[in-house]
Structure formats: structure tokens, C-alpha cells
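Observations on chain architecture
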There are 2 protein chains.
Amino acid sequence: MVPKSTGTTRERLSRDTVVDGAITLADREGLDALTIRRLAQEHGVTPMALYWHFHEKEDLLDAVAERLLNGVRLPEPTDAPWAEQLRAILVAYLDAMRPHPVLAGLALPRVLKSEPGLRLADRVLGLLAAAGFGTEEASQTGSFLLSAMSTLITAEPGPHKALRGEERDAAVRAKRASLGALSPARFPHVIAAADALSDCPDDDVYYARGVELLVRGAQNLRPA
Amino acid sequence: MVPKSTGTTRERLSRDTVVDGAITLADREGLDALTIRRLAQEHGVTPMALYWHFHEKEDLLDAVAERLLNGVRLPEPTDAPWAEQLRAILVAYLDAMRPHPVLAGLALPRVLKSEPGLRLADRVLGLLAAAGFGTEEASQTGSFLLSAMSTLITAEPGPHKALRGEERDAAVRAKRASLGALSPARFPHVIAAADALSDCPDDDVYYARGVELLVRGAQNLRPA
DNA sequence: ACCTGAACACCGTTCAAGT
DNA sequence: ACCTGAACACCGTTCAAGT
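Presented here is an overview of the structure given in this document.

Rules and cut-offs
Residue numbers run consecutively from 1 along every chain, following the written order of its sequence. Here the convention is simple: chains get letters from A, ligands get numbers from 1, in the order in which they are written. Given that the model is predicted, a residue must reach a pLDDT of at least 70 before its local features are reported, and side-chain atom pairs must reach 80 or more before they are shown or counted; all residues, however, enter totals for whole chains, interfaces and linings. Only hydrogens and water are set aside; all other atoms, that is, all heavy atoms of the structure, feed into the side-chain values. Per the convention used, a helix needs a DSSP run of H or I reaching at least four residues, while a strand needs a run of E reaching at least two, with both numbered from the N terminus. With a 1.4 Å probe rolled over the protein chains alone, any residue whose accessible area is under 20% of its type maximum counts as buried; one over 50% counts as exposed, and the rest are partly exposed. By the convention used here, residues are in contact when the closest approach between their heavy atoms is within 4.5 Å. The sign given to each residue is positive for Lys and Arg and negative for Asp and Glu; His and the chain ends receive no count. All charge positions are set by atom: Lys at NZ, Arg at CZ, Asp at CG, Glu at CD. For this description, a residue counts as near a given molecule or strand if any of its non-hydrogen atoms is within 4 Å of it. Any pair of N or O atoms that falls within 3.5 Å is considered a polar contact. Within protein, one atom must be able to donate a hydrogen and the other to accept it, and sequence-neighbouring residues count only if both atoms are side-chain atoms. Defined in terms of a 1.4 Å probe, buried area is the accessible area two parts forfeit on being brought together, summed over both. The working definition used for a salt bridge is a side-chain nitrogen of Lys or Arg within 4 Å of a carboxyl oxygen of Asp or Glu.

1. Some words on the overall build of chain A
Counting its secondary structure elements, chain A contains twelve helices and zero strands. Each helix and strand of chain A, placed in order from N terminus to C terminus, yields the pattern α-α-α-α-α-α-α-α-α-α-α-α. Residues counted as buried form 46% of the 224 residues belonging to chain A. In chain A, the share of contacts with a sequence separation of at least 24, taken over all contacts with a separation of at least 6, comes to 69%. The distance from the centre of the 26 positive side-chain charges to the centre of the 30 negative ones in chain A is 4 Å.

2. Description of the protein's contact with DNA strand C
Taken together, 17 residues form the shell around DNA strand C, and within it Arg37(A), Lys57(A), Thr46(B), Trp52(B) and His53(B) come nearest. Protein-adjacent atoms of DNA strand C, using a 4 Å cutoff, are sugar or phosphate at a proportion of 59%. The side chain of Thr35(A) places a nitrogen or oxygen atom 3.5 Å from a phosphate oxygen of DNA strand C. Within the side chain of Tyr51(A), an N or O atom sits 3.0 Å from a phosphate oxygen of DNA strand C.

3. Points about the interface of chain A and chain B
Taken together, the contact pairs 47 residues of chain A with 47 residues of chain B. Both sides of the chain A and chain B interface together cover about 4300 Å² of buried area, and 71% of this is carbon and sulfur. For the chain A face of the interface with chain B, the top three residues by lost area are Gln140(A), Phe144(A) and Leu213(A), together amounting to 16%. The interface formed by chain A and chain B includes three salt bridges. Linking chain A with chain B are eleven residue pairs in polar contact (both at pLDDT 80 or more), by the criterion used here. Sorting the residues of the side of chain A that touches chain B by element identifies helix 7 (115–130), helix 8 (135–155), helix 9 (165–180), helix 10 (188–192), helix 11 (194–198) and helix 12 (203–221) of chain A as the ones contributing at least two each. With 14 residues, helix 8 of chain A is the largest single contributor of residues to the side of chain A that touches chain B.

4. Looking at the pattern of salt bridges
Residue and element names in this part refer to chain B. Applying the stated criterion across every chain yields a total of 39 salt bridges over all chains. A salt bridge links arginine 87 to glutamate 212; the nearest nitrogen and oxygen atoms lie 2.9 Å apart. Within this pair, whereas arginine 87 is found in helix 5 (residues 82–97), its partner glutamate 212 is found in helix 12 (residues 203–221), the two being separated by 125 residues in sequence. Arginine 216 is paired through a salt bridge with glutamate 212; the nearest N and O atoms lie 3.2 Å apart. With a gap of four residues between them, arginine 216 and glutamate 212 both fall in helix 12, about one helical turn apart. On the basis of relative accessibility, which here comes to 30%, the residue arginine 216 falls in the partly exposed class.

5. With respect to the protein's contact with DNA strand D
Taken together, the neighbourhood of DNA strand D is formed by 17 residues, with Thr46(A), Trp52(A), His53(A), Arg37(B) and Lys57(B) sitting nearest. Those atoms of DNA strand D that come within 4 Å of the protein belong to sugar or phosphate at a rate of 59%. The contact in question runs from a phosphate oxygen of DNA strand D to an N or O atom on the backbone of Leu13(A), over 3.2 Å. Taking Ile36(B), its main chain carries an N or O atom lying 3.0 Å from a phosphate oxygen of DNA strand D. For the surface near DNA strand D, the secondary structure elements donating two or more residues are helix 3 (47–53) of chain A together with helix 2 (36–42) and helix 3 (47–53) of chain B.

And the structure:
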């Protein structure tokens with residue numbers, strides 16, 4: 001009666017475990033590796049098994065996005081100035097996405113399609129409204145600010161931080177070499193910045209500056 | 001001796017014509033439709049024919065990116081304040097990419113891999129250096145500012161402007177309906193902004209505001 | 001130089017079937 | 001309820017061959 005335990009870790013599948021697998025797979029091998037067939041294989045199961053839990057791949061991706069958005073630790077509303085609260089929210093979003101650089105772009109367009117994403121969006125819109133932005137201005141600015149968080153991750157100079165060890169070092173060296181080989185007469189500033197464009201020495205200051213730029217920009221859009 | 005003209009428009013293939021085809025195909029049917037096989041078919045040719053002109057798909061995409069980046073009309077350097085010149089460059093980038101919303105994300109990561117992209121990057125880095133940014137700060141800020149231009153396009157509320165007519169209207173209505181159906185108690189600000197989040201009435205002011213936010217943000221990063 | 005044809009290893013997905 | 005197996009219409013790409 002007891003299902004034969006073959007010694008392998010083959011458990012019963014569930015949406016949650018599949019989503020787990022999808023995230024670790026993408027983090028480890030990149031977005032291209034995140035296919036139904038690879039994922040099924042990772043779970044020791046037929047590709048078609050996944051279709052019982054998700055009726056198409058898009059559903060899986062929605063679920064992945066929701067999981068990531070659920071990781072955003074929204075700060076409680078306070079009496080602090082709106083710009084300060086906005087910064088805290090942006091940082092919370094950033095912190096949730098930073099461990100998953102290849103998936104950040106996936107979560108973003110699904111913000112308005114998921115429960116935790118909507119909570120996030122509502123908070124941002126509320127803050128901007130309180131700051132005096134009109135509905136339309138707030139919508140556009142809010143969309144942009146959240147998107148810019150993903151951008152910050154994707155635009156970080158150098159290869160993704162998910163890449164580790166020798167593989168990452170090699171990528172950095174390759175990039176630096178290709179930039180260094182350019183004509184100094186034609187691209188002097190690029191050459192001077194070759195190192196800084198090939199790798200980012202301190203993520204934390206990089207992200208802090210990015211957030212700062214956006215918050216101050218938003219502040220200056222509304223002439224206090 | 002003269003090649004028989006079959007009456008069809010079947011010309012000899014070239015990198016340029018293939019790139020042309022790729023851009024119009026992507027603009028018309030989206031990024032997913034941009035496959036080697038579809039593209040070959042569009043040119044009345046075997047898929048393998050393209051491999052004579054590009055040794056893999058990545059090469060094709062590089063060429064597409066280069067073409068788009070070549071469309072950036074870089075303004076001549078002037079005596080104007082750096083922030084003003086920066087804004088002009090960002091606007092030039094934006095103007096080149098706006099007609100190709102689905103391809104904007106493709107051009108961006110190839111800026112440092114193409115001649116026109118490098119010219120652009122060098123100008124941005126030069127301006128930021130002149131403004132007093134250190135090399136590292138300038139690299140990070142410059143990368144982010146250019147990326148943010150693509151973001152602005154991608155994050156524009158509503159479906160892509162490349163979509164036209166009834167198809168677009170239907171998408172807008174669907175989005176508005178789904179947002180409008182939410183609980184007003186839980187997501188009051190999202191509901192209030194349902195219209196503004198479903199479609200963007202005036203692109204020009206939207207983009208102008210986005211650029212303004214970024215330029216002022218960059219300005220305020222350096223306390224003049 | 002420029003293109004075709006057959007083949008390979010992959011995709012997502014449907015549909016009928018097993019337990 | 002949960003999963004398998006065979007099949008279909010797609011991918012990118014290699015390799016040998018035609019003109």
C-alpha cells in the first residue's frame with residue numbers, strides 16, 4: 001500500500017515546489033534554461049506533468065512573479081515625508097529582486113496582475129497622490145519608478161552578480177579587454193571608464209545612488 | 001544571362017535587407033515572431049540562406065541593434081550647461097527608439113558593442129565627467145540613464161504604441177476592466193488610476209516628464 | 001559567392017490514456 | 001487527482017551539396 005520509496009527524492013509535485021524549482025533553475029542557469037522540459041527533468045517528471053499544475057507556461061511565470069513580489073517587505077506607513085517613505089518602498093522592492101537578477105524583468109510587468117504587486121502599486125500611488133501628483137502623473141511616475149528598479153538591476157555594470165567565481169571573472173576580463181582595445185582618440189571617456197564599466201565594485205553604493213537619483217528626481221518634478 | 005525575373009520581388013539577399021526585414025517584422029508582430037525561419041520565409045528564402053549573412057542569430061540581433069543605434073541623432077556639443085546637453089542626448093536616444101518599442105530592450109545591452117553606441121556612451125560619460133562625476137559614479141549613472149530610456153518606453157502605461165487600431169483598443173479595454181474589477185477597499189488608489197494605468201493619453205508629455213525626472217535626479221546627485 | 005535540403009536536438013502544447 | 005506516452009508544429013543550427 002505504501003508507495004515504494006525508490007530512495008530518490010521524488011516527491012509529489014505541487015505548484016509551490018515547481019515554482020521553487022523554476023526560481024533556482026533560472027538563478028543558476030539563466031532565463032533561457034527555464035523551460036518546461038528542463039524544469040520537468042529537474043523534478044524527475046514528464047514535461048506533461050507540469051501541465052496539470054499550470055495550464056500553460058505563462059501561468060508558471062505568473063506564479064514565479066507572484067512569489068518574488070511576495071518577498072517585498074513593504075514598510076508600514078509612517079509620518080515621515082512622502083519622499084522618504086517612497087525611498088523605503090523602492091529599497092524594499094530592490095532588496096526582493098536583487099537575489100534574482102534574471103527574474104527581475106519577469107516580475108515587473110506582472111505587478112498589476114498579482115495580489116502582492118497590487119498592494120505595492122497601491123502604496124506607491126497613494127504616496128504620490130499625497131505628494132500632490134495628479135492621477136495621471138502619479139500613474140506614469142509610479143510605473144516608471146518601479147520599472148527603474150528592475151532597470152537598476154539589469155543595468156548594473158558588469159555581468160550579473162548571480163554569476164560566481166571563475167566564470168564571472170572571465171566575463172569581466174573579457175569585457176574590460178574589449179573596451180580597452182578601443183581607439184583612445186575616438187572613445188576617450190569609454191576607455192577611461194573601462195574598469196568601471198566592466199564590473200561594479202560595491203553594489204550597495206551603486207543601488208543607493210540609483211534610488212537617490214530617482215527619489216530626488218521625483219521630488220523635483222513637484223516643485224515642493 | 002539576365003536572371004529570370006519571376007515577377008516576384010525576390011531580390012538577392014544582403015545583411016542590410018535582412019536587418020530591414022527583421023525590424024519591420026518585429027515592429028509588426030512582436031519580438032517572438034522574430035525567428036530565423038519566419039524571417040527567411042518573409043524574404044522568400046530558405047532559413048539556411050540567412051546563415052550565410054549572419055553566422056548565428058545573435059549576430060543578426062547585433063546588427064539590428066546597431067541599425068537602431070545609428071538612428072540616434074546626437075546633438076553637437078554646445079556651451080549649454082551639462083544637464084541641458086544631457087537632456088538633449090537622452091531625448092535623441094528616446095526619439096530613435098520610440099518607433100520600435102519591442103526592440104528598444106534589444107539595443108540597450110549592445111550599446112558598448114557597436115560603433116554608434118560607443119559614440120553615444122562616450123558623449124554621456126564626457127558630460128558627466130565635466131559635471132564633476134568621478135569615473136565610477138559616471139559609469140554607473142550613465143549606464144542607468146540610458147537604460148532608463150528603454151525603461152520609459154517599456155513602462156509606458158497601456159499596450160505598446162506599435163499596436164494599432166481595434167486590437168489596441170481591445171487590449172486597453174481589457175486592462176481597464178480587470179483593474180476596475182478589483183476591491184475598492186483594498187486597492188483604492190489603483191482603482192482611481194485604472195484609466196491612467198490602462199492607456200497613456202499623451203506620449204510626448206509622458207516622455208518629457210520621464211526625462212525631466214532623470215535629469216533633475218542626476219543634477220541633484222551632484223550638489224552643484 | 002550565395003543558396004538549398006536533409007537532419008539533429010531542442011521547444012511548447014494537445015490529446016488520449018493509464019493508475 | 002495526478003501523471004505518462006505519443007504526436008504535432010514549431011525553434012536554432014550543422015553539414016554536405018548544388019549553382
